[in-house]
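Chain by chain, the residues:
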Amino acid sequence: MNPLELSSWLHTPRRPPLLMGVLNVTPDSFSDGGRHLDPADAERRVEEMIAEGADWIDVGGESTRPGSQPVPEDEQRRRVLPAVRAAASRGVVVSIDTTRAAVAEAALDAGAVIVNDVSAGRDDPALLRLVAGRHAAIVLMHMQGTPATMQQAPTYSDVVREVRDFLLRRRDVAASAGVDPSRILLDPGIGFGKTTEHNLELLRELPRLAGLGHPLVVGTSRKRFIGEITGEPDPSRRLLGTAATVSWSIANGASVVRVHDVQAMRQVLRMTCAMMSRR
Ligand code: HH2
């Protein structure tokens, strides 16, 4: 999908679900860390994901796995810009996975059109103003705590209600900062300050989040809760567990699924959409 098609997709009431391919340009991401640090490797992976059927490529230069520490803006920029340029030059939709306005701005200059902010505009207030000024799209994601501490003791009285209320609050803050509401996507933040049971509850109740009037992004790919349920400790071997969650998410209203295994999940998405008559 190219950026123009994204604009019309955002205004389509029954949107065909999109596949967001993950490209982490980091030494320490939980599943693809260290594999794309050389710009030539990142570029190869971009080409591969496009050939495999990615609609959109999400480039990140900072791991947000549990226990991770922030990466300086300069270093994030150094890591992500070659990959953003490589993906944008091939005409595909590119998002920048960052919480920092300076990194997002450099990525938008290099051709990204979406900011994927796992802090939903809380880490750097300048980020929402930037998105507004550039008429970019933004993913606002729920997270309890920060990556450094979020898995220590996640607590909710009603996880679905709290995530829903949070997303609506952050949507309002973004809109007040001037972000075009039709360019806001929401994400429950699977694995971000949540136990396995919290993640399952959010997936079970996904239609409640898919009905908030914004496209819903869901990122379950290879995550720890899949390992816990399936007994598979190696993230790269969680393909089938991931497939189950991707199919479920689409059937329950997700508009975008964020995945590492683009080729396999393209098949899952096609099959799920065919069963739902949303081909
Ligand atoms: N998950 C991760 C990172 N960014 N963004 C959104 N919108 N939704 C998610 O679920 C999400 C995200 C974590 O996965 P990954 O990028 O593979 O790992 P790491 O944070 O270790 O780089």
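None of these values were measured; they are calculated from a predicted model. (Residues numbered from 1 in each chain as written. Predicted model: local features only at pLDDT ≥ 70, side-chain atom pairs only at ≥ 80, totals over all residues. Heavy atoms only, no water.)

A. Structural detail: the overall build of the protein. Secondary structure assignment for the protein yields 11 helices and 8 strands. Its C-alpha atoms give the protein a radius of gyration of 17 Å, within 12% of the compact-globule value 19 Å for 279 residues. If one aligns the C-alpha atoms of the protein with their principal axes, the spans along those axes are about 40 × 40 × 40 Å. Taken over 279 residues, the protein has a buried fraction of 56%. Taking as baseline every contact in the protein between residues at least 6 positions apart, the subset at least 24 positions apart corresponds to 68%. When the accessible surface of the protein is split by element, carbon and sulfur atoms take 51% of a total near 11500 Å². Mean positive and mean negative side-chain charge positions of the protein (34 and 34 charges, respectively) differ by 4 Å. (Helix = DSSP H or I, 4+ residues; strand = E, 2+ residues; numbered from the N terminus. Rg over C-alpha atoms; globule rule 2.2 N^0.38 Å. Buried < 20%, exposed > 50% of the residue type's maximum accessible area, 1.4 Å probe, protein only. Contact = heavy atoms within 4.5 Å. Areas by Shrake-Rupley, 256 points an atom, 1.4 Å probe, with all protein chains shown as cover. Lys, Arg positive; Asp, Glu negative; His and termini not counted. Charge placed at Lys NZ, Arg CZ, Asp CG, Glu CD.)

B. Fine view of the packing of aromatic side chains. With the rule as written, the count across this model stands at 0 aromatic pairs. Against the face of Trp 9 rests Arg 15, its NZ or CZ located 5.5 Å from the ring centre. (Phe/Tyr/Trp six-rings, centres within 6.5 Å; stacked < 30°, edge-to-face > 60°. Lys NZ or Arg CZ within 6 Å of the ring centre and 35° of its normal.)

C. Quick look at the site of the ligand. Taken together, 17 residues sit near the ligand, with Ser 29, Ser 63, Asp 187, Lys 223 and His 260 positioned nearest. Arg 65 is positioned such that a nitrogen or oxygen atom in its backbone is 3.4 Å from an oxygen atom of the ligand. In this structure, a nitrogen atom belonging to the ligand sits 2.7 Å away from a side-chain N or O atom of Asp 187. (Near = heavy atom within 4 Å. Polar contact = N/O pair within 3.5 Å; in protein donor to acceptor, adjacent residues only side chain to side chain.)

D. Representation of helix α10 (residues 239-251). Spanning 13 residues, α10 covers 18 Å between terminal C-alpha atoms, matching the ideal 18 Å at 1.5 Å per step. When α10 is considered as a whole, its buried residues turn out to be Gly 241, Thr 242, Ala 243, Thr 245, Val 246, Ser 249 and Ile 250. Those residues of α10 that are buried lie in contact with α7 (196-204), α8 (206-210), β7 (217-218), α9 (224-230), β8 (256-259) and α11 (262-275). Among the residues trailing α10, Gly 253 stands out with phi positive, at a value near 110 degrees. (Expected span 1.5 Å × (residues − 1).)

E. Just the nonpolar core, in detail. Core analysis: the biggest nonpolar cluster contains 66 residues, and Leu 23, Ile 57, Val 59, Val 84, Val 115, Ile 138 and Leu 140 have the highest contact counts within it. Sort the elements by how many residues they give to this core and helix α6 (residues 159-176) lands first, with 7 residues. Among residues more than four places away in sequence, those in contact with Val 84 are Val 59, Val 94, Ala 107, Ala 110, Gly 111 and Ala 112. Ranked by size, the runner-up nonpolar core spans 14 residues in total, among them Met 20, Trp 56, Val 139 and Leu 185. (Core = buried A, V, L, I, M, F, W, Y, C linked by side-chain atoms within 4.5 Å.)

F. Region of interest: the environment of Gln 267. If you trace the backbone, Gln 267 turns up in helix α11. Looking at Gln 267, the relative accessible area reads 63%, which means it is exposed. On a C-alpha basis, the gap between Gln 267 and Glu 52 in space is 9.8 Å, while along the polypeptide they are 215 residues apart.

G. Broad picture of the packing of helix α2 (residues 39-52) against α11. Look at α2 against α11: their axes get within 8 Å of each other, and the N-to-C directions meet at 20 degrees. Taken together, the axes of α2 and α11 lie roughly parallel to each other. Here α2 runs over α11; the crossing is right-handed. Every residue of α11 that contacts α2 at Arg 45, Met 49 and Glu 52 is listed here: Val 262, Gln 263 and Arg 266. Here the contact of α2 with α11 is composed, by residue class, of 2 nonpolar, 1 polar and 3 charged. (Axes fitted to C-alpha atoms, helices over the stretch in contact; angles between N-to-C directions. Parallel < 35°, antiparallel > 145°, perpendicular 65-115°, else oblique. Left-handed = near helix turned anticlockwise from the far one by under 90°. Nonpolar A, V, L, I, M, F, W, Y, C, P; charged D, E, K, R; others polar.)

H. Just α2, in detail. The first and last C-alpha atoms of α2 sit 20 Å apart over 14 residues, in line with the 20 Å expected at 1.5 Å per residue. Against the buried residues of α2 lie β1 (18-24), β2 (56-60), α3 (73-89) and α11. The opening residue of α2 is Asp 38, an N-cap whose side-chain oxygen sits 2.9 Å from the backbone nitrogen of Ala 40. Just downstream of α2 lies Gly 53, where phi reads positive at about 110 degrees.

I. Structural context of the packing of α10 against α11. Running from N to C, α10 and α11 point in directions that differ by 35 degrees, and their axes come no closer than 9 Å. With respect to the hand of their crossing, α10 and α11 are arranged in right-handed fashion. Packed against α10, whose contacting residues are Leu 239, Thr 242, Ala 243, Val 246, Ser 247, Ile 250 and Ala 251, the element α11 presents Ala 264, Met 265, Val 268, Leu 269, Thr 272 and Cys 273 at the interface. Of the residues that constitute the contact of α10 with α11, the class distribution is 10 nonpolar, 3 polar and no charged.

J. Quick peek at the pattern of salt bridges. Scanning the model with the defined rule gives 25 salt bridges in all. For Arg 44, the salt bridge is made with Asp 41, and the minimal N-O distance between the two is 2.5 Å. Highlighted residues: Arg 44 and Asp 41, both in helix α2, separated by 3 residues, approximately one helical turn. By relative accessible area, Asp 41 is classed as partly exposed at 28%. Arg 100 is the partner of Glu 73 in a salt bridge, and the nearest nitrogen-oxygen pair spans 2.8 Å. Residue Glu 73 is found in helix α3, and its partner Arg 100 is found in the loop between β3 (93-97) and α4 (101-109); the two are separated by 27 residues along the sequence. Judged by relative accessible area, Glu 73 falls into the partly exposed class, the value being 26%. (Salt bridge = Lys/Arg side-chain N within 4 Å of Asp/Glu carboxyl O.)

The values reported here are purely geometric and, on their own, carry no functional implication.
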